[in-house]
Every structure is written in structure tokens, then in C-alpha cells.
Amino acid sequence: MDTFRTIRVKIETATKFQKFSRKFFKTHSEALQTMLDFFFYNEISPKESFGPTGRTLENLIKKRFNGMAAMMKEMETHGVLPTKAMMELLFEHSPQKKRGQALPLMKGRQNNSEKDIFFKKVEEAIVIEKENTSLKRDLRQNRAAFIALLNKVQLVKGSFGKPRLQLNMAPENFEKLNSRLEEEFD
């Protein structure tokens, strides 16, 4: 026969867990064990965010559609060149540019008109926003990797000396992580 141990939990939390457990599992122990296995197997923290929610994705799509509509109106009035460059930047399919390279909107135009100055500022703003978005994405990825690494660190208490921290990771995985970080920061 299995042995049991009691755990003190707030009443609201216990009630929620019991409803969830009855809905999906035969026993409360099976429900809790399945949840723990999920987090250990996938090496994620329960506090970790899985990315955008439905609402944020909906807002992002609306913004993209509004931007496309504005570009289509611009295309109707001023032609195809500015819109093509803006569409490439909007969907991040434009080739990587080196600093100081001429912007696509400005090719074949005179730099002294107000329209050219406007398009130059718009394109620069789009490029800055694109860089900002990619930096935020990189930060989220690095933060998630760092949290995953911290979750693999354990406190080990030896019989002699001070307690120490031990990294619970295969050497191959550590080398992969190390080389990836060196590539990013070089």
C-alpha cells in the first residue's frame, strides 16, 4: 500500500486544485505528479512566460494590418518604390544593411525636397524599431536560457567544508551553451 504525506495549502488553492484534478485525473497524486514531470521534463520554471498571449497577438496583427493599409494608400498616391522598402522593413525580410549604406527610399531621389526628408525619417524610424524589436527578442531568449541554467544549479552540502553549488548538466550541453554565448558576444 502507498504511503501518504500531508501538505498545508491555502483553502482557495486546494479547492482549485481539487476541481482541476477531478476534471483530468483519477487521483490528486497523479495530477500533481504529472504537473511536476511536465516542468522537470521540459526544463522550464512555472514562473516563466511562454510568450505572447492571444490578446497581444491580436493587437500585433491589427497594427500590422493598419500599417499595410497606410502603405497601400501611400502606394496609390506616390508610387511603388517607397512602399516596397517599407513593406520589406515591416516584415523584416530586407537584407541586413551596413551602417552608412544608402537607404532604399532615397535611391534615385533628390535630397532637397520635404518629401525626401519625410521618407528618410520614416525609414530611419522603422530601422530603429526593427533593431529595438530584435534586441528585445534576444534579451528574452538570453533571459530564458539563463533561468534554465540557474534551474540546473543545485546546492550540495558536503560532510567537510562549506556548501557549494553544482551544475547538473551534461558536458556536451555545457560546451554547446558556452560556444553559443561566445558567438553572440563576439
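Shown above is the structure to which this text applies.
Residues numbered from 1 in each chain as written. Predicted model: local features only at pLDDT ≥ 70, side-chain atom pairs only at ≥ 80, totals over all residues. Heavy atoms only, no water.

## Notes on a positive patch on the surface
Part 1: A contiguous patch of positive charge on the surface is contributed by Lys-136, Arg-137, Arg-140 and Arg-143.
Part 2: With respect to the secondary-structure elements, Arg-140 resides in helix 5 (residues 114–151). (Patch = residues over 30% accessible without salt bridge, like charges linked within 9 Å, V, L, I, M, F, W, Y side chains within 5 Å. Areas by Shrake-Rupley, 256 points an atom, 1.4 Å probe, with all protein chains shown as cover. Salt bridge = Lys/Arg side-chain N within 4 Å of Asp/Glu carboxyl O. Lys, Arg positive; Asp, Glu negative; His and termini not counted. Charge placed at Lys NZ, Arg CZ, Asp CG, Glu CD. Helix = DSSP H or I, 4+ residues; strand = E, 2+ residues; numbered from the N terminus.)

## Considerations on a nonpolar patch on the surface
Part 1: There is a patch of nonpolar side chains on the surface, built from Ile-7, Val-9, Leu-32, Leu-36 and Phe-40 and spanning about 520 Å² of accessible area.
Part 2: Within the secondary structure, Leu-36 is located in helix 2 (residues 28–42).

## What about the packing of helix 1 (residues 11–24) against helix 2?
Part 1: In contact at an axis separation of 9 Å, helix 1 and helix 2 are set at 95° when each is read in the N-to-C sense. Put simply, helix 1 runs roughly perpendicular to helix 2. In this structure, helix 1 contributes Phe-17, Gln-18, Phe-20, Ser-21 and Arg-22 to the contact, and helix 2 contributes His-28, Ala-31, Leu-32 and Met-35.
Part 2: Its residues assigned to classes, the contact of helix 1 with helix 2 comprises 5 nonpolar, 3 polar and 1 charged. (Axes fitted to C-alpha atoms, helices over the stretch in contact; angles between N-to-C directions. Parallel < 35°, antiparallel > 145°, perpendicular 65-115°, else oblique. Contact = heavy atoms within 4.5 Å. Nonpolar A, V, L, I, M, F, W, Y, C, P; charged D, E, K, R; others polar.)

## What to know about the pattern of salt bridges
Part 1: Under the counting rule described, the total for this entry stands at 1 salt bridge.
Part 2: In this structure, the salt-bridge partner of Glu-58 is Lys-62, at a minimum N-O distance of 3.4 Å. Within this pair, Glu-58 and its partner Lys-62 are both found in helix 3 (residues 54–78), separated by 4 residues, close to a single helical turn.
Part 3: Given the relative accessible area of 41%, Glu-58 is considered partly exposed. (Buried < 20%, exposed > 50% of the residue type's maximum accessible area, 1.4 Å probe, protein only.)

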